[in-house]
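These are the residues of each chain, in order.
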Amino acid sequence: MSTAAHDLLEEIRLIWAEVLDQEDVPVDANFFEAGGDSLLFIVLLERINRLTGREIEAAELFDHATVEAQAEFLAGLAAPEAGADTATDAAGGRGRLLARGR
């Protein structure tokens with residue numbers, strides 16, 4: 001794990017600890033199993049959105065329900081795959097999708 005990814009993991013772990021009002025949160029525990037509920041999940045979502053400067057969807061965060069999974073997911077958003085040209089990929093995908101409809 002890179003230093004940046006490790007730092008992100010620690011920041012998310014600290015947010016979880018504050019939201020759940022716990023000193024130590026395991027990185028592999030599910031948010032709800034660690035004591036979270038739906039209202040605290042919304043607080044967590046807002047805190048992570050503030051941390052990242054992005055608007056993460058609740059479903060995206062729900063799909064990544066551990067500190068570790070959220071750190072990996074968010075690190076992936078920050079660093080697009082090498083060699084990926086998202087504008088070209090999006091245009092190509094849109095073209096293929098339109099071609100199927102004909």
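Check the entry above for the structure.
We now turn to the structure provided with this report. Small disclaimer: the values here were computed from a predicted structure and weren't measured. (Residues numbered from 1 in each chain as written. Predicted model: local features only at pLDDT ≥ 70, side-chain atom pairs only at ≥ 80, totals over all residues. Heavy atoms only, no water.)

### Considering the side chain of R13
Reasoning step 1: For R13, the location among the structural elements is in helix α1 (residues 3-20).
Reasoning step 2: According to the relative accessible area criterion, R13 is buried, its value standing at 16%.
Reasoning step 3: Separated by 3.0 Å, the side chains of R13 and E10 make a polar contact.
Reasoning step 4: Residues in contact with R13, not counting those within four places in the same chain, are E23, D24, V25, V27 and V67. (Helix = DSSP H or I, 4+ residues; strand = E, 2+ residues; numbered from the N terminus. Buried < 20%, exposed > 50% of the residue type's maximum accessible area, 1.4 Å probe, protein only. Polar contact = N/O pair within 3.5 Å; in protein donor to acceptor, adjacent residues only side chain to side chain. Contact = heavy atoms within 4.5 Å.)

### Comments concerning helix α2 (residues 38-52)
Reasoning step 1: Between its first and last C-alpha atoms α2 spans 21 Å; for 15 residues at 1.5 Å apiece the expected length is 21 Å, and the two agree.
Reasoning step 2: Count one or two residues on from α2 and you reach G53, which has phi positive near 75 degrees. (Expected span 1.5 Å × (residues − 1).)

### As for the nonpolar core
The nonpolar side chains of soluble globular proteins are, as a tendency, buried together.
Reasoning step 1: If you look at the biggest cluster of nonpolar residues, it comprises 22 residues, and the most contacted ones within it are I12, W16, F31, L44, I48, L61 and L74.
Reasoning step 2: Every element with two or more residues in this core is listed here: α1, α2 and α4 (67-78).
Reasoning step 3: The biggest single contributor to this core is α1, with eight residues.
Reasoning step 4: Ignoring anything within four residues of it in the chain, the contact list for F31 reads W16, V19, L20, G36, D37, L40, F41, L44 and A65. (Core = buried A, V, L, I, M, F, W, Y, C linked by side-chain atoms within 4.5 Å.)

### Brief notes about the environment of A4
Reasoning step 1: As for its position among the elements, A4 is in helix α1.
Reasoning step 2: With relative accessibility at 55%, the residue A4 sits in the exposed group.
Reasoning step 3: The spacing of A4 and A75 is 71 residues in sequence and 8.4 Å in space, taken between C-alpha atoms.

### Re the pattern of salt bridges
Oppositely charged side chains can form a pair if their charged atoms are brought close together.
Reasoning step 1: Applying the stated criterion across every chain, the model contains three salt bridges.
Reasoning step 2: The closest approach of N and O atoms between R13 and D24, which form a salt bridge, is 3.9 Å. Remark: D24 occurs in the loop between α1 and α2 and R13 occurs in helix α1; sequence separation between them is 11 residues.
Reasoning step 3: We classify D24 as exposed; its relative accessible area is 60%.
Reasoning step 4: In this structure, E18 engages R47 in a salt bridge whose closest nitrogen and oxygen atoms are separated by 2.8 Å. Placement of the pair is E18 in helix α1 and R47 in helix α2, with a sequence separation of 29 residues.
Reasoning step 5: The exposure class of E18 is exposed, given its relative accessible area of 52%.
Reasoning step 6: Among the charged side chains, a network of salt bridges with common partners joins E10, R13 and D24. (Salt bridge = Lys/Arg side-chain N within 4 Å of Asp/Glu carboxyl O.)

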